Amino acid sequence: MEDASVQRIMRDPHFRELVRRRSEFAWVLSAIMLAVYLGFILLVAFAHNLMAIKIGGGETSVGILIGLAVILLAFVLTGIYVSQANSRFDDLTRDLKEGLER
Amino acid sequence: MKSLRPLALAAAAMALDAGQFVAHAAGPDLGTAEKQGVNVPAIVIFVIFVLGTLAITYKAAMATRSASDFYAAGGSVSPFRNALAIAGDYMSAASFLGISGLVFSSGFDGLIYSIGFLVGWPVVLFLIAERLRNLGKYTFADVASFRLDPTAIRSLSAVGTLIVVAFYLIAQMVGAGQLIQLLFGLDYLYAVVIVGLLMIVYVAFGGMKATTWVQIIKAGLLLVGATLMALAVLVHFGFSPNAMFASAVAVHPKGEAIMAPGGFVSDPVSAISLGLALMFGTAGLPHILMRFFTVADAQAARKSVFYATGLIGYFYILTFVIGFGAISFLMPDPSYFKVGADGHYNKITDLLGGSNMPAVHLANAVGGSVFLGFISAVAFATILAVVAGLTLAGASAVSHDFYAEVIARGRVPEQKEVRISKISALVIGLIAIYLGYVFQKQNVAFMVGLAFAVAASCNFPVLLMSMMWRGTTTQGALIGGVLGLASAVAMVVLSKAVWVTTFGHPAAIFPYDNPALFSMPLAFVGIWLFSRLDKSRRGALERAAFDAQYVRSETGIGAVSGHIH
């Protein structure tokens, strides 16, 4: 790409909005995943009694539910990102590209 | 015969507390991989798999003309197929047999590993996948060296790739030899040679197309097999997890303790360090990163990760059910154990074949000898598919990064580069067979851990900083990357797994099992500091070149696009 068009895109409000929104979103989701995972490890290390509590009179423990919830959360977070990316961010990218062609 | 323990450890990638694990494995007969009788259904099913994949390899070889075909399957893999291939790279025989084996022996603790392996995926999606696809062509070094000096950065990336591939490959080869000896009744050496030769054929002739298809077929077979097993367990308990857990607690020697964290995470520093290595190592594994170039564009890369995360999470839940099912089905039945003269047996350590076998025995318990053969064949296929992907990543680092860009300075005809890649695959395969043979009696448990630690401490920081931070210069990336790489390797060598277990010194110099908590920040700080200190003209030009890279990475404008056939 030529310098002039790079600079034009860098100044384009569509581009700035796309990049700002998407990276904010991605960093927030990454931080959530990291925090939840480290939290899980710390619970495993320090909250043994909490993790061993049985739920509703059955054998299923809090620990197992939390573990499954972390697996589910990983999938849900990727789903949230992809749905946002497919709609909001792809729309912004398309606007940007159309704007550049004009 | 030799202990099967390395596989379980390699499976779990790295014991959160290796000592604890060894304590689990302290029984007299545990892990003895005795050669079993020849398993006919397994061999028949496996031969069908091999013939099928060789036919695919032949077709792929006919259709592989350009370098793009060879390295990236022409960018023609659909997102869902790519997701299956990515999941396949992750669902190694070690994670299937090893994690279900851990659940069998310790219950809840098995889940800790699965989660560690899984949570890296969302981060790959949020920070890496789309940018990587927009900037690169065949390897992650394409991206890291986009605006930096190709000679320096590609050399560093190729070294990082080869170290990760080498350690991962040795662990897989040793595990393969021992597992196949156990499941098929083949000699260790034959098993290693068969795995090595088949992976050379897949990679050298079929390139990424064949490697991807082998992985897709295997992932499909493994998911079907594991689903059937888990369903058989759940049907038995009327789809009530409570009934399943209650039955397991009733027969397990540890009783209620299997429902809560056991002794794996006794040291939180090691645990967090391991967690970081697993999470960010995933984002630096060269054979995984290559898969983002096999799809058409950034959208397809993004969808691949989404599906792959779902498939991998689903698979780990299956291994959890399989492990608990194995407790209920196998523990009360003496025919799965080495029973002592007095009729007693240890329900954890006396399992026939050792600690990796619960899933295999459960296949027999719920589906008879034909299903046992099927699961054994799938385990073999799994190893083959994973080593093929690793070999391709290693061969690409040699030919595309090292030979074409560093030695030939980018002046090499495409056909010659591909030929060199094929020769590299052959050489890597032969070396892998040799190392598999040499390391047969060694404890290779630390090697997968080291592979993840190097990926997290060298490949990932260099890649992320070159993409995200304008200030990154060649000097910074090179020094920071080398710091991360060297410190990760040094700390593993000085840790208990190598310093004490392998070298026989009395005490470890580095007190934790995994170095990532220290080596990763060292790499990032190194990149930042030495980029800041870089006052060279070249450094200034590299900072100035960030805008063009940034625009392309964020929008895909100017990206190399794949084509759908």
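Residues numbered from 1 in each chain as written. Chains lettered and ligands numbered in written order. Predicted model: local features only at pLDDT ≥ 70, side-chain atom pairs only at ≥ 80, totals over all residues.

Structural notes on the overall build of chain A
Now for step 1: Summing up its helical and strand segments, chain A has 4 helices and 0 strands in all.
Now for step 2: A principal-axis box enclosing the C-alpha atoms of chain A has dimensions of 65 × 25 × 20 Å.
Now for step 3: The buried share of chain A, taken over its 102 residues, is 28%.
Now for step 4: For chain A, long-range pairs separated by at least 24 residues make up 60% of all intrachain contacts whose partners lie at least 6 apart in sequence. (Helix = DSSP H or I, 4+ residues; strand = E, 2+ residues; numbered from the N terminus. Buried ≥ 20, exposed ≤ 12 C-beta atoms within 10 Å, placed from the backbone. Contact = placed C-beta atoms within 7 Å.)

Side note on the nonpolar core
Residue and element names in this part refer to chain B.
Now for step 1: Ranked by internal contacts, the top residues of the largest apolar core, which has 237 residues, are Ala 87, Val 195, Leu 384 and Val 454.
Now for step 2: It is helix 16 (residues 358–407) that provides the largest number of residues to this core, a total of 27 residues.
Now for step 3: Setting aside its immediate chain neighbours within four residues, Val 195 contacts Met 173, Ala 176, Ile 383, Leu 384 and Val 387. (Core = buried A, V, L, I, M, F, W, Y, C linked by C-beta atoms within 7 Å.)

Description of the confidence of the model for chain B
Residues and elements named next belong to chain B.
Now for step 1: Summing up the model confidence of chain B, the mean pLDDT is 86 and the portion of residues at 70 or higher is 92%.
Now for step 2: Summarising per-element confidence for chain B, the mean pLDDT is lowest in helix 2 (residues 18–24) (31) and highest in helix 21 (residues 516–532) (96).
Now for step 3: In the predicted structure, residues 1–32 sits below a pLDDT of 50 and forms 100 contacts with residues beyond four places in sequence or in another chain.
Now for step 4: Our summary of model confidence lists the complex with pTM equal to 0.88 and ipTM equal to 0.92. (pLDDT = per-residue confidence, 0-100.)

A few points about helix 5 (residues 79–90) of chain B
Residues and elements named next belong to chain B.
Now for step 1: End to end, helix 5 covers 16 Å across 12 residues, agreeing with the expected 16 Å (1.5 Å per residue, within 8%).
Now for step 2: The element helix 5 is extensively covered by neighbouring structure, given that 11 of its 12 residues are classed as buried.
Now for step 3: Residues of helix 5 that are buried: Pro 79, Arg 81, Asn 82, Ala 83, Leu 84, Ala 85, Ile 86, Ala 87, Gly 88, Asp 89 and Tyr 90.
Now for step 4: Along its buried surface, helix 5 packs onto helix 6 (93–106), helix 7 (109–118), helix 11 (188–236), helix 14 (286–289), helix 15 (298–330) and helix 16. (Expected span 1.5 Å × (residues − 1).)

A look at the packing of helix 10 (residues 150–184) of chain B against helix 17 (residues 414–438) of chain B
All names here are of chain B.
Now for step 1: Helix 17 packs onto helix 10 with a crossing angle of 60° between their chain directions and a minimal axis gap of 9 Å. In terms of orientation, helix 10 lies oblique with respect to helix 17. Considering the relative orientation of helix 10 and helix 17, their crossing is right-handed. Seen from helix 10, the contacting residues are Leu 169, Ile 170, Met 173, Val 174 and Gly 177; seen from helix 17, they are Ala 432, Leu 435 and Gly 436.
Now for step 2: Residues that form the contact of helix 10 with helix 17 fall into these classes: 6 nonpolar, 2 polar and no charged. (Axes fitted to C-alpha atoms, helices over the stretch in contact; angles between N-to-C directions. Parallel < 35°, antiparallel > 145°, perpendicular 65-115°, else oblique. Left-handed = near helix turned anticlockwise from the far one by under 90°. Nonpolar A, V, L, I, M, F, W, Y, C, P; charged D, E, K, R; others polar.)

Observations regarding helix 13 (residues 268–281) of chain B
Residues and elements named next belong to chain B.
Now for step 1: The end-to-end C-alpha distance of helix 13 is 19 Å, a good match for the 20 Å that 14 residues give at a rise of 1.5 Å each.
Now for step 2: Across the 14 residues that make up helix 13, a large majority, 12, are buried.
Now for step 3: Listed in full, the buried residues belonging to helix 13 are Ser 270, Ala 271, Ile 272, Ser 273, Leu 274, Gly 275, Leu 276, Ala 277, Leu 278, Met 279, Phe 280 and Gly 281.

Focus on the environment of Gly79(A)
Now for step 1: Inspection of the secondary structure assignment puts Gly79(A) in helix 4 (residues 62–101).
Now for step 2: As for Gly79(A) and Arg21(A), which are separated by 58 residues in sequence, their C-alpha atoms are 17 Å apart.

Here we look at the interface of chain B and chain A
Now for step 1: With 43 residues of chain B at the contact, the number on the chain A side is 40 residues.
Now for step 2: The set of elements that each furnish at least two residues to the side of chain B that touches chain A consists of helix 7, helix 8 (120–135), helix 12 (241–251), helix 13, helix 15 and helix 23 (546–555) of chain B.
Now for step 3: Its residues assigned to classes, the side of chain B that touches chain A shows 31 nonpolar, 7 polar and 5 charged.

Considering the environment of Phe237(B)
Residues and elements named next belong to chain B.
Now for step 1: If you trace the backbone, Phe 237 turns up in the loop between helix 11 and helix 12.
Now for step 2: As for Phe 237 and Gly 325, which are separated by 88 residues in sequence, their C-alpha atoms are 9.4 Å apart.
Now for step 3: Not counting chain neighbours up to four residues away, the residues in contact with Phe 237 comprise Ala 243, Met 244 and Ser 247.

A closer look at the packing of helix 3 (residues 40–63) of chain B against helix 16 of chain B
Residues and elements named next belong to chain B.
Now for step 1: For the pair helix 3 and helix 16, interaxial distance at closest approach is 7 Å and the crossing angle is 45°. When the axes of helix 3 and helix 16 are compared, the pair comes out oblique. The two elements helix 3 and helix 16 cross, and the hand of that crossing is right-handed. In this structure, helix 3 uses Pro 41, Ala 42, Ile 45, Phe 46 and Phe 49 to contact helix 16, whose residues at the interface are Ser 369, Val 370, Gly 373, Phe 374, Ser 376, Ala 377, Phe 380 and Ala 381.
Now for step 2: For the contact of helix 3 with helix 16, the residue count by class is 10 nonpolar, 3 polar and no charged.

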